[in-house]
Amino acid sequence: MKQYSVGNQHSNSRSLLFPLLSSQMTQLMASGNQTMVTEFLFSIFLHPQRGGLSFFIPLLLIYGFILTGNLIMFIVIQLDMALHTPMYFFISVLSFLEICYTTTTIPKMLSCLISEQKSISVAGCLLQMYFFHSLGIAEGCILTAMAIDRYLAICNPLRYPAIMTPKLCIQLTVGSCFCGFLLVLPEIAWIATLPFCGSNQIHQIFCDFTPVLSLACTDTSPVVIVDAIHAVEIVASFLVIALSYIRIIMVILGMHSTEGRHKAFSTCAAHLTVFLLFFGSVAVMYLRFSATYSVFWDTAIAVTFVILAPFFNPIIYSLRNKDMKEAIGRLFHYQKRASWAGK
């Protein structure tokens, strides 16, 4: 199967954001009767410094595992011809997005845990929100594409090779990234025009829409419309994946071969686990009936989809996947033979 490639859209997005951030700072400076807010403080990290190291070391180890695990998966899938299938292509894209996704938040958390500076500039906060939500939406779209891929592979196996072509896989990936980086832009553009004054403490472990908007000294009710659009996006992705797997389970249960049922279930179990972990925590965080939870529960939910979900992805997709374990073994065996041959 032909080699796949993944594009990068960060540079275009940043060129669109910088003028908006400049206008934000200009408007803040123009508000003469109000105290200009040039940075936000993460109130959760404003605790005695002696406790920071006890959280810093585990978080650093988790972040290192996320980077290493997802990078190994990405490289193995790209190099091993046996894994050049649509399913593993989407897994490699997901691994790449996870690396970028966690890098938007965890390094800043690590810095706040051990340094005296617990703040982030307004411009930095807007950029963090933009890339965090853009990459999160892209991940959700990729998970949806993976559900469609499994649906076609199990429910329509004869037509699957003709439908899920390398070209379609790349188109779905580009479309997912395009949706992610485009859909969040209007909301960030609007937030960049808001004046911020008074309190500058964010009650969250990273910059997010609700905590930041609560600090604006103007009416932020129009954001309800944008939030409703995002809610529709989450529900739509959830329904597509849920309906796909309901149909897949019905087909699997109708199989006469026990071995066939076991193989089909094991193939889909990893994706279904990641789907429940990611969409479950996102739904609890953003599809809530109450405007606010306690700081503890907000933080716990945020940790789930910011840290724990990316942490478990390499474990779910590699340690519990026979093909992936064999491919990793082949790669390291080849590297070992190459090192011996060079001696």
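Rules behind the numbers
Residues numbered from 1 in each chain as written. Predicted model: local features only at pLDDT ≥ 70, side-chain atom pairs only at ≥ 80, totals over all residues. Heavy atoms only, no water. UniProt positions renumbered as here; feature names shortened; annotations may be inferred. Helix = DSSP H or I, 4+ residues; strand = E, 2+ residues; numbered from the N terminus. Buried < 20%, exposed > 50% of the residue type's maximum accessible area, 1.4 Å probe, protein only. Contact = heavy atoms within 4.5 Å. Areas by Shrake-Rupley, 256 points an atom, 1.4 Å probe, with all protein chains shown as cover. Expected span 1.5 Å × (residues − 1). Arc of directions from axis to C-beta. Disulfide = S-S within 2.5 Å. Core = buried A, V, L, I, M, F, W, Y, C linked by side-chain atoms within 4.5 Å. Patch = residues over 30% accessible without salt bridge, like charges linked within 9 Å, V, L, I, M, F, W, Y side chains within 5 Å. Salt bridge = Lys/Arg side-chain N within 4 Å of Asp/Glu carboxyl O. Axes fitted to C-alpha atoms, helices over the stretch in contact; angles between N-to-C directions. Parallel < 35°, antiparallel > 145°, perpendicular 65-115°, else oblique. Left-handed = near helix turned anticlockwise from the far one by under 90°. Nonpolar A, V, L, I, M, F, W, Y, C, P; charged D, E, K, R; others polar.

As recorded by an unreviewed UniProt entry, the chain carries the name Olfactory receptor and is attributed to Macaca fascicularis. Per its UniProt entry, the chain bears the Sequence similarities (unreviewed entry) comment "Belongs to the G-protein coupled receptor 1 family." Taken from UniProt, the Subcellular location (unreviewed entry) comment for the chain reads in full: "Cell membrane".

The helix and strand inventory of the chain stands at 13 helices and three strands. When the 343 residues of the chain are sorted by exposure, 45% land in the buried category. In the chain, 81% of the contacts between residues at least 6 apart in sequence involve partners at least 24 apart. With the model as given, the accessible surface of the chain reaches about 17,200 Å², and the carbon-plus-sulfur share is 68%.

Here we take up the environment of Ala-82. Looking at where Ala-82 falls in the secondary structure, it is placed in the loop between helix H2 (52-79) and helix H3 (86-103). For the pair Ala-82 and Met-324, spaced 242 residues apart in sequence, the C-alpha to C-alpha distance is 9.7 Å.

Along its 18 residues, helix H7 (residues 166-183) runs 26 Å from first to last C-alpha, staying within 8% of the 26 Å computed at 1.5 Å per residue. Taken together, the buried positions of H7 are Pro-166, Cys-169, Thr-173, Ser-176, Cys-177, Gly-180 and Phe-181. For H7, the arc enclosing every buried residue in end-on projection is 115°, short of the 170-degree limit, so these residues lie on one face.

Turning our attention to the state of the cysteines. As used in these notes, a disulfide is a covalent bond between sulfur atoms, one from each of two cysteines. For the structure on display, the rule yields two disulfides. The disulfide partner of Cys-125 is Cys-207, and the gap between their sulfur atoms is 2.1 Å. The chirality of the disulfide connecting Cys-125 with Cys-207 is left-handed, given an S-S dihedral of about -125°. Here Cys-207 lies in the loop between strand S3 (201-202) and helix H9 (209-213) and Cys-125 lies in helix H5 (residues 122-155), a separation of 82 residues in the sequence. Linked covalently through their sulfurs, Cys-197 and Cys-217 form a disulfide whose S-S length is 2.2 Å. Here Cys-197 is found in the loop between helix H8 (185-191) and S3, whereas its partner Cys-217 is found in the loop between H9 and helix H10 (223-253), with 20 residues between them in sequence. Residue class for Cys-197 comes out buried when judged on its relative accessible area of 14%. Of the residues examined, Cys-217 reaches a relative accessible area of 29% and is grouped as partly exposed.

Of all hydrophobic cores here, the largest spans 95 residues; its most connected members are Phe-40, Leu-143, Phe-196, Val-212, Phe-305 and Tyr-317. With residues near it in sequence (within four places) discarded, Phe-40 still touches Lys-118, Ser-119, Ile-120, Val-122, Cys-125, Phe-196, Asn-200, Ile-202, Val-212 and Leu-215.

The next thing to look at is a nonpolar patch on the surface. A grouping of Val-235, Phe-238, Leu-239, Leu-243, Ile-246, Met-250 and Leu-287 is seen on the molecular surface, where their side chains present a nonpolar patch of about 630 Å² in accessible area. If you trace the backbone, Ile-246 turns up in helix H10.

H3 packs onto H2 with a crossing angle of 150° between their chain directions and a minimal axis gap of 9 Å. In terms of orientation, H2 lies roughly antiparallel with respect to H3. In the packing of H2 onto H3, the handedness of the crossing is left-handed. Facing H2, whose interface residues are Tyr-63, Ile-66, Leu-67, Asn-70, Leu-71, Met-73, Phe-74, Ile-77 and Gln-78, H3 presents Tyr-88, Phe-89, Ile-91, Ser-92, Ser-95, Phe-96, Glu-98, Ile-99, Thr-102 and Thr-103. Here the contact of H2 with H3 is built from residues that sort into twelve nonpolar, six polar and one charged.

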